[in-house]
Structure formats: structure tokens, C-alpha cells
Amino acid sequence: FDEAFAGRSAQALKMCAQLEIDSDPYLVMGAFVSQASKKLIMGSAKASRVIKILAKADLDMKSTNIDAWDILKMALLKMAQR
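First, a word on scope: everything that follows refers to the structure included in this document. (Residues numbered from 1 in each chain as written. Predicted model: local features only at pLDDT ≥ 70, side-chain atom pairs only at ≥ 80, totals over all residues. Heavy atoms only, no water.)

Topologically, Lys73 is positioned in helix 5 (residues 68–81). Once the C-alpha coordinates of Lys73 and Cys16 are considered, the two residues, 57 residues apart in sequence, prove to be 7.3 Å apart. Excluding anything up to four places from it in sequence, Lys73 contacts Leu13, Cys16 and Glu20. Here Glu20 takes part through its side chain, which lies 2.9 Å from a polar atom of the side chain of Lys73. (Helix = DSSP H or I, 4+ residues; strand = E, 2+ residues; numbered from the N terminus. Contact = heavy atoms within 4.5 Å. Polar contact = N/O pair within 3.5 Å; in protein donor to acceptor, adjacent residues only side chain to side chain.)

Encoded structure:
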């Protein structure tokens, strides 16, 4: 999460691939939302945009047939671009 938040998409995707081996994507999403919430409380302007990205990704994870990890990776890329 922190790598994507800082705009380092390649490193974020690399770390995500490591998580993919033995983590549940829904728990990872929860951790991402928790981190974004902390940044929002700390006053980060970018955090509100990131929460919107994560909210859409969460909805997509629950309502589409796209692999949850692919949705998380797309969210990381969007976060890094902003």
C-alpha cells in the first residue's frame, strides 16, 4: 500500500505478488482500507481519492468474476498514478 501511495507502482506490484502467494485478497483489501483511513485521519489530501479507488475495487471484488488479486493490482496502479 505505502509503495503505491508514494507513486512507486512497480515496487507495489512486486510486493503484491509476494502477498498473493499465501494471503487472502479480501484481508489484504481490508488492510489497504485501514492504511488509507489512517492517512485520511492524518490529513493527507490524496487519501480521500485513494479511498474512492479502494471502494470501487472492493465493490468489484464482490460483484464481478474478475480475479480479486487482479482487481487489487489495478487499484494499486490507480493509486500510484494519482
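Right, picking up where we left off after that structure.
A word on helix 3 (residues 25–41). Given a rise of 1.5 Å per residue, 17 residues ought to cover 24 Å, and the 24 Å separating the end C-alpha atoms of helix 3 matches this to within 8%. Within the sequence span of helix 3, burial applies to Pro25, Val28, Met29, Phe32 and Ala36. Looking down the long axis of helix 3, one finds its buried residues gathered within 100 degrees of arc, a one-sided arrangement. With respect to the buried face of helix 3, the exposed residues turned more than 90 degrees away are Leu27 and Ile41. Those residues of helix 3 hidden inside the fold are in contact with helix 2 (9–22), helix 4 (45–63) and helix 5. The N-cap residue of helix 3 is Asp24: its side-chain oxygen and the backbone nitrogen of Tyr26 are 2.9 Å apart. Positive phi appears at Gly43, one or two residues downstream of helix 3, with a value of about 95 degrees. (Expected span 1.5 Å × (residues − 1). Buried < 20%, exposed > 50% of the residue type's maximum accessible area, 1.4 Å probe, protein only. Arc of directions from axis to C-beta.)

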